[in-house]
Each structure stands twice: as C-alpha cells, then as structure tokens.
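What the coordinates show
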Amino acid sequence: MSLVAVVGDGCTTTAIGMASAWALDEPCVVAEFDPFGGCLSAWLDLPRSPGLAEVAASSTPGEWSTIHSRFQHAASRIEVLVAPTRAVEAAAVVLAASATVLPVLAELDSPVVIADGGRLRGGLSALVVQASVVVVAHRQHSGSAAAAALGFERVAALTALLAVRSIPTVIALIGDRPYDAEEVADFVGADTVVAVADDPWAAAVLAGRAGSAVRLRRSPLMRSFGDLVGVVSASLRHTRVHDGWSPPRAAHALDGRA
C-alpha cells in the first residue's frame with residue numbers, strides 16, 4: 001500500500017516537492033483530492049481535463065487502467081491527476097471518487113501516490129482514512145509564540161484523531177521559529193516531525209514561477225523535501241511489512257536554515 005495523503009498548510013507545494021524529490025527508481029505520481037478546488041492545472045500549466053472528474057464519470061472508475069489514463073505529464077516529468085478548480089464541482093467529484101477511485105489507490109503497491117487533500121475542515125477526510133501515511137504540513141507563526149502555540153493545539157487535535165485510527169503521521173513543520181522540531185514533536189504527539197525550510201523562492205518555482213532548475217535542486221526547500229521523503233518512504237516500507245511502526249519522534253531536515 002503506497003497512498004500518502006498530504007493535508008494542511010502548503011500541502012500542494014509539499015506534495016509537488018515530495019514527488020520531485022522521490023527516488024528515481026520508485027515510480028511516484030500526484031493526485032488532487034481537495035474538495036475545495038484543485039490548483040495543479042494552473043500551477044503546472046496543464047489543461048483542466050482530463051483529470052479526476054473524467055475518472056469519476058467513466059464507466060470503470062474503479063480500475064487502475066482507467067485512472068492512470070487520465071493522468072497528465074507536467075513539464076517537470078511528474079505525472080498528475082488534476083481535480084476541478086471550482087469548489088462546487090470539486091466537492092462533488094471528490095465525494096464520488098472517494099467511493100470508487102480512492103480504494104484502488106489505497107491498494108496499489110506501485111506507483112506511490114501522493115494525494116493533495118487540501119486543508120482539513122471538521123474532521124478526517126476519506127482520503128486521510130484510507131492513506132497508508134499522512135503528512136500534515138503546518139506553517140508556524142514565526143512572529144507570535146502564542147499564535148504558534150494555538151496552531152499546534154489544532155495540529156495536536158488532528159494527530160490525536162489519526163492516532164486513534166493507528167494511521168502513521170508525519171508533521172512537515174514549515175519554518176524553525178519560534179519552536180523547533182523537537183519541541184513541536186513533544187507537544188503534538190506525532191510519530192515524526194520533519195523541519196521544512198521556509199524558502200519562498202523555491203516554493204514559488206515549484207508553484208510554476210520561472211527559475212533555475214539547478215538552483216532549485218540545491219535549495220534548502222528541496223533538501224528539506226529530500227529528508228521528508230526519506231521519512232515517508234521508510235514509513236511506507238514498514239507499513240507494508242508491519243502492522244505497527246514507531247519511528248523516531250523528531251527529525252531535523254536541515255542544519256542550516258533558509
């Protein structure tokens with residue numbers, strides 16, 4: 001099982017960054033399951049169709065061949081399944097796909113599917129419940145310790161829900177102030193916290209802005225995503241073999257800060 005759900009702040013950047021950093025010898029694709037509307041087609045300069053809507057409307061939405069035929073190839077060579085951009089349509093499509101498409105993705109051994117689930121509102125989504133690993137992207141408020149702590153209270157509530165279902169969870173902590181990964185891990189109770197560089201230039205390039213591919217690969221953000229991928233791929237390997245896995249409590253992705 002190789003379905004990775006990415007939710008929270010900056011989840012689209014995190015999903016694309018993880019796919020870009022994934023090992024070349026292990027196939028990896030990105031699928032949008034954000035019920036509030038997708039943005040990958042705009043980000044990656046791709047047509048809005050085919051995508052998840054066409055899969056959900058097909059006569060065989062529960063077959064991998066049907067699903068894979070609607071993936072598009074981005075210029076970065078990442079294969080993506082785009083969701084509708086408008087919230088009303090996206091909500092209907094994601095709801096339909098949750099019953100037909102998600103079970104297929106959840107049972108795949110290959111490729112790894114990184115699914116952008118958007119921000120969670122009011123509980124766990126069908127995507128999160130069926131994922132092998134959940135990555136919660138969270139940007140902390142660097143200018144206010146009180147605001148940062150409030151954000152972590154909400155993350156802790158989410159990780160508690162995931163723990164009840166025994167879903168391995170990794171926090172992608174964007175920014176290193178005012179709290180570091182060790183402090184956050186102790187507070188939120190996640191399996192692992194990985195520090196992700198707050199690197200606006202690299203994030204903008206991942207979001208479609210022009211920029212040097214060489215500089216991007218060497219950027220603090222992409223080094224962060226390399227460490228995040230290492231933790232997530234290890235979790236997937238253990239999940240396939242063991243029912244219960246307890247990774248290290250915290251992992252600092254960077255020694256140098258962005």
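All figures in this text were calculated on a predicted structure; none of them were measured in a lab. For every chain, the first residue of the written sequence is number 1, and numbering continues from 1 onward in sequence order. pLDDT decides what is reported in this predicted model: residues at 70 or higher carry local features, side-chain atom pairs at 80 or more are listed and counted, and totals for whole chains, interfaces and linings draw on all residues regardless. The basis for the side-chain values is all heavy atoms of the structure; hydrogens and waters are excluded.

Bringing the side chain of Asp9 into the picture now. Numbering of helices and strands runs from the N terminus; a helix is a DSSP stretch of H or I covering at least four residues, while a strand is a stretch of E covering at least two. Its location among the elements puts Asp9 in the loop between strand 1 (3–8) and helix 1 (11–21). One polar contact links the side chain of Asp9 to the main-chain amide nitrogen of Arg139, over a distance of 3.2 Å. Any two residues whose heavy atoms approach within 4.5 Å at even a single point are treated as in contact. If we skip the residues at most four places from it in the chain, Asp9 touches Arg119, Ala137, His138, Arg139 and Ile174. N or O atoms closer than or at 3.5 Å make up a polar contact, with two conditions inside protein: a donor-capable atom paired with an acceptor-capable one, and, for residues adjacent in sequence, both atoms drawn from side chains.

On to the packing of aromatic side chains. Side-chain rings of Phe, Tyr and Trp (the six-membered ring for Trp) are treated as a pair once their centres are within 6.5 Å; stacked means planes under 30 degrees apart, edge-to-face means over 60, and tilted covers the remaining angles. Counting across every chain of the model gives two aromatic pairs. Aromatic pair Phe152 and Tyr179: ring centres 6.1 Å apart, planes at 70°, arrangement edge-to-face. Of the two residues, Phe152 is situated in helix 8 (residues 145–164) and Tyr179 in the loop between strand 7 (169–174) and helix 9 (181–188); the sequence distance between them amounts to 27 residues. Burial here depends on accessible area, computed with a 1.4 Å probe over protein chains only, as a share of the maximum for the residue type. Under 20% is buried, over 50% is exposed, and the range in between is partly exposed. Accessibility expressed as a relative area gives 3% for Phe152, which makes it buried. We count a charge as sitting over a ring when the NZ of a lysine or the CZ of an arginine lies within 6 Å of the ring centre and within 35 degrees of the ring normal. When the ring centre of Phe36 is taken as reference, the NZ or CZ atom of Arg121 above it lies at 4.0 Å. We note Arg215 situated over the ring of Trp201; from NZ or CZ to the ring centre the distance is 3.8 Å.

Right, let's talk about the pattern of salt bridges for a bit. Every case where a carboxyl oxygen of Asp or Glu lies within 4 Å of a side-chain nitrogen of Lys or Arg is listed as a salt bridge. Enumeration according to the criterion identifies three salt bridges in this entry. Here Arg177 ties to Asp176 by a salt bridge, and the two come within 3.9 Å at their closest N and O atoms. The exposed category is assigned to Arg177, whose relative accessible area is 58%. The class of Asp176 is partly exposed, set by a relative accessible area of 25%.

Here we come to the confidence of the model for the chain. Averaged over all residues, the pLDDT of the chain is 91; the fraction at 70 or higher stands at 93%. Contacts from residues 243–249, a stretch scored under 50 in pLDDT, to residues over four places away or in other chains number 15 contacts. Below a pLDDT of 50 lies the segment residues 251–258, which in the model reaches 24 contacts outside its immediate sequence neighbourhood of four places, other chains included. Per-residue confidence from the predictor is reported as pLDDT, which spans 0 to 100.

Packed helix pairs are specified by the crossing angle of their axes together with the interaxial distance, meaning the distance between the axes. Helix axes are fitted to C-alpha atoms over the stretch in contact, other axes to C-alpha atoms as well, and angles between N-to-C directions run from 0 to 180 degrees. Their axes nearest at 9 Å, the elements helix 8 and helix 9 cross at an angle of 50°. Between helix 8 and helix 9, the angle falls in the class oblique. Taken as a pair, helix 8 and helix 9 cross one another with a handedness that is right-handed. Note on element contacts: helix 9 touches helix 8 through Val184, Phe187 and Val188, opposite Ala149, Phe152, Glu153, Val155, Ala156 and Thr159. By residue class, the composition of the contact of helix 8 with helix 9 is seven nonpolar, one polar and one charged. If an angle is under 35 degrees, it is roughly parallel; if it is over 145, roughly antiparallel; if it lies from 65 to 115, roughly perpendicular; otherwise it is oblique. By convention, the crossing between two helices is left-handed when the near helix turns anticlockwise from the far helix through less than a right angle, and right-handed when the turn is clockwise. Three categories are distinguished: nonpolar for Ala, Val, Leu, Ile, Met, Phe, Trp, Tyr, Cys and Pro, charged for Asp, Glu, Lys and Arg, and polar for the others, with Gly belonging to the last.

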